[in-house]
Amino acid sequence: MNTDPNVFSNNEITVTYNPHKCINAEKCAKGLSAVFRQTVIPWINLDGAPACKIMAQVKKCPSGALQCFNKKMQVA
Ligand code: SF4
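Residues numbered from 1 in each chain as written. Predicted model: local features only at pLDDT ≥ 70, side-chain atom pairs only at ≥ 80, totals over all residues.

**Student:** What's the story with helix H2 (residues 51-59) in this structure? I'm lost.
**Tutor:** Of the residues making up H2, those classed as buried are Ile-54, Gln-57 and Val-58. The buried residues of H2 occupy an angular sector of 100° when the element is viewed end-on, so they sit on one face. Away from its buried face, by an angle of more than 90 degrees, H2 presents the exposed residues Cys-52 and Lys-59. Here the buried face of H2 lies against strand E2 (13-17), helix H1 (27-31) and strand E3 (66-70). (Buried ≥ 20, exposed ≤ 12 C-beta atoms within 10 Å, placed from the backbone. Helix = DSSP H or I, 4+ residues; strand = E, 2+ residues; numbered from the N terminus. Arc of directions from axis to C-beta. Contact = placed C-beta atoms within 7 Å.)

This is the structure we're talking about:
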């Protein structure tokens, strides 16, 4: 169902990634390496941390390349 490689969903949240906006600051990988993985595909693993931690890290993305949506309530 999810055919867009830059959209990642689980039961709680959806994280989207826009490679055209990313400035490769690696803030996401350094901040939450179990979720934002540099050498694994798919590179975003939503099972790597609780949803609240993922949402907090997404908000720190300096370029806006990462966006996060709570399935019950839009948070970004
Ligand atoms: S934090 Fe944002 S800008 Fe930095 S590498 Fe991750 S997606 Fe790209």
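**Student:** Would you take a moment to explain the environment of Ile-41 for this structure?
**Tutor:** Structurally, the position occupied by Ile-41 is in the loop between H1 and H2. Residue Ile-41 is classed as exposed on the basis of its C-beta count, with 7 C-beta atoms lying within 10 Å. Spatially, the C-alpha atom of Ile-41 lies 9.7 Å from that of Pro-5, the residues being 36 residues apart in sequence.

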